[in-house]
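Commentary on secondary and tertiary structure
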Amino acid sequence: MKRKSLSSFTVSVQGKTLSFRRKRLLRVTARLCLLSITILAQLTLAPQPFAQDRRTSKSGAHSSTPAETFTPADRRLVERAIGATCAERIRDPLGSMSIDEMQARPSLPVRNPDAVSGARRAERLLPTTRTLVVNAIVQLAKEYDLYGTAANRARINASTARVEAVRRVKPDVDSRDNASVLLREPRTIEFGTIFLAGLRSDEAMISVLAHELTHIASGEADSLRPLFRAIGRRAGTRTGLRIQGQRAEELACDLVGVMSAREYIKQTPSWEPLPRRLARAVEHNCVDDDESDEDHLSPRNTIRALFALDVEMAGEVLNNGTLGVFPISPKRTPLRAILLTASTCPS
Ligand SMILES: [Zn+2]
C-alpha cells in the first residue's frame, strides 16, 4: 500500500545511523513492495534511491499511449473532485480514517473489535476482489494497447492467474497502518490491524485489497511493468508530476483499486449516494500531512493522479449526491434517498 508521513513519536524510538525517514522508508517499502530481506539489508548498508533498486533488468516493450485528451477544464474538474472526496470522508459515517491519522495511532491488538471486524470484511471481500482485479487488469491492458499480441496476452494471463491464487488475509499488529505482500509467499496479504480498523467500508477495503493483488499480479517476473510504465506516463503528462519507477507501480495498483471499487459499486446497488461510495475508494489519502517519498506520490497527489487518469469518475464524485449513472435499489424508499442526497452535497 502506500506510505508517507512520519510522526514525531516514531522518530523518538528509531535509531541512529539512518534518519528516521530513511529507516521507515526502507522498512515500509520493503514490506509493501516485496523485496527480500537480503536486499533490504543491502539497502540499509547502501542508502541509494530505493525505487531504482527494486527492479533492475527490465527490457520493456513501450506501449503506445492513446492520444492525450486532458483539457484545462478536466484539470479544474479533478481539483474540485479532490475537494468533494475529502469533504465526503468527513460526512460519511463509514468514512475511512486518513493515513496520517492511522500513523499517529497506537498499535491495535489482533483481537480489537474494529480490527476483527475489518479482518472479516477483508476475508469476505477477497474472492470478489480477485475477480474485479482480474477484469480491471485485462481492461487496462487493452486500453493501453498491451493485449494485442500472443506474448502480451500470455503475460497478462500469467498475472491474473497469480491473483486467482491468493487465498488469505493475515492480520498483523506490527504492520500497523500498512498492507503488504511478499512475492515469495504470494497467496497471503498481510494487513496491519490499524489499517483493518481504519477502512470502514466495503469500497475502501476492496480498493486496498485490489492494490495488493496488483502487486502480486506483477509478481517476481515483473509482468505488469510495461503497463505500470504506461499508466505512470499518462498520469505524469496530465498532472505534471514525476511518476516513474516504483511510483508508477504504486499508482497503477491504486488505479486498479479504484476501478475495482467502482465496478463493485455498479454491481451492488445501494441507497447510499454514488459520490459517497466512490469517495471511499480513495479518501484514506485525504491527509493533512501530505508528504511524498521516493516510491510514492504524496497521498493527495495520488488522488489527483487517479482522477486525472479517470476523469469520468471525478465527474461522478462531483455529482452532488444525485445518484449519478448507477442505479439505486428500487426497493428502497425514495424519501430516504432524497434526504441523504440533500445532506451530502459536496462543496
Ligand atoms: Zn503498494
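In this report, the structure presented in the accompanying data block is examined.

**Quick look at the overall build of the protein**
From N to C terminus, the protein includes 16 helices and three strands. Out of the 347 residues belonging to the protein, those deemed buried represent 56%. For the protein, the exposed surface amounts to about 14,700 Å²; the carbon and sulfur share of it is 54%.

**Things to note about helix H5 (residues 72–91)**
Here H5 contains 20 residues, and its C-alpha end-to-end distance of 29 Å stays within 8% of the 28 Å for a straight helix at 1.5 Å per residue. Turning to H5, its buried residues are Asp74, Val78, Ala81, Ile82, Ala84, Thr85, Cys86, Glu88 and Arg89. Check the buried side of H5 and you find it contacts helix H6 (99–103), helix H13 (274–279), helix H14 (299–309) and helix H15 (311–317).

**Thoughts on the pairing of strand E3 (residues 188–192)**
In terms of burial, E3 is a largely internal element, five of the five residues being buried. Here E3 shows a buried face lined by Thr188, Glu190 and Gly192 and a second buried face lined by Ile189 and Phe191. Bridging between strand E1 (residues 168–172) and E3 involves five bridges; their strand directions are parallel. Pairing of Asp172 across the sheet is with Gly192, part of E3. Sheet topology places strand E2 (residues 179–181) next to E3; three bridges connect them, and they run antiparallel. The partner of Ala179 across the bridge, within E3, is Phe191. Between the end of E2 and the start of E3, which pair antiparallel, lie six residues.

**Some remarks on the nonpolar core**
Counting residues in hydrophobic clusters, the biggest one holds 81 residues, and the most contacted among them are Ile189, Phe191 and Phe307. A per-element tally of this core places helix H7 (residues 113–143) first, with 13 residues. Excluding anything up to four places from it in sequence, Phe307 contacts Val78, Ala81, Ile82, Thr85, Val282, Met313, Ala314 and Val317.

**Quick look at the coordination of the zinc ion**
Only His211 (NE2), His215 (NE2) and Glu250 (OE) from the protein reach the zinc ion as donors, at distances of 2.1 to 2.2 Å. Considered as a linear motif, the donors of the zinc ion on their single chain read H-x3-H-x34-E. Taken together, the residues His211 and His215, both in helix H10 (residues 202–218) and four residues apart, mark about one turn of the helix. Judged by its relative accessible area of 0%, His211 falls in the buried class. The buried category is assigned to His215, whose relative accessible area is 0%.

**Considerations on the sheet that holds E3**
With mixed pairing, the three strands of this open sheet are ordered in space as E1-E3-E2. For this open sheet the edge positions go to E1 and E2, each flanked by a neighbour on one side alone. The sheet shows a mean angle of 25 degrees between the axes of neighbouring strands, taken without regard to direction. Packed on one face of the sheet, H7 meets E1 and E3 and runs near 165 degrees to E1. Running over the sheet, H10 touches E1, E2 and E3 and is turned about 135 degrees from E3.

**Some words on the pattern of salt bridges**
Under the definition given, this model contains 18 salt bridges. Close ionic contact of Arg89 with Glu101 constitutes a salt bridge, the shortest N to O distance being 3.8 Å. With Arg89 in helix H5 and Glu101 in helix H6, this residue pair connects regions lying 12 residues apart in the sequence. Salt bridges here are not isolated pairs; linked through shared partners, they connect Glu88, Arg91, Asp92, Glu203, Glu272, Arg276, Arg277 and Arg280.

**As for unusual backbone geometry**
In this structure, Asp145 takes a positive phi of about 60 degrees despite not being glycine. Mapped onto the elements, Asp145 comes out in the loop between H7 and helix H8 (150–164). Given a relative accessible area of 45%, Asp145 falls into the partly exposed group. Even without glycine at this site, Asp222 takes up a positive phi of about 60 degrees. Along the polypeptide, Asp222 turns up in the loop between H10 and helix H11 (225–239). Relative accessible area serves as the criterion here: at 2%, Asp222 is assigned to the buried category.

**With respect to the side chain of Glu88**
Relative to the elements of secondary structure, Glu88 occurs in helix H5. A polar side-chain atom of Glu88 sits 2.6 Å from a polar atom in the side chain of Arg276.

Criteria and cut-off values
Residues numbered from 1 in each chain as written. Predicted model: local features only at pLDDT ≥ 70, side-chain atom pairs only at ≥ 80, totals over all residues. Heavy atoms only, no water. Helix = DSSP H or I, 4+ residues; strand = E, 2+ residues; numbered from the N terminus. Buried < 20%, exposed > 50% of the residue type's maximum accessible area, 1.4 Å probe, protein only. Areas by Shrake-Rupley, 256 points an atom, 1.4 Å probe, with all protein chains shown as cover. Expected span 1.5 Å × (residues − 1). Contact = heavy atoms within 4.5 Å. Pairing = 2+ DSSP bridges. Core = buried A, V, L, I, M, F, W, Y, C linked by side-chain atoms within 4.5 Å. Donors = N, O, S within 2.8 Å, 3.2 Å for Na, K, Ca; no water. Axes fitted to C-alpha atoms, helices over the stretch in contact; angles between N-to-C directions. Salt bridge = Lys/Arg side-chain N within 4 Å of Asp/Glu carboxyl O. Polar contact = N/O pair within 3.5 Å; in protein donor to acceptor, adjacent residues only side chain to side chain.

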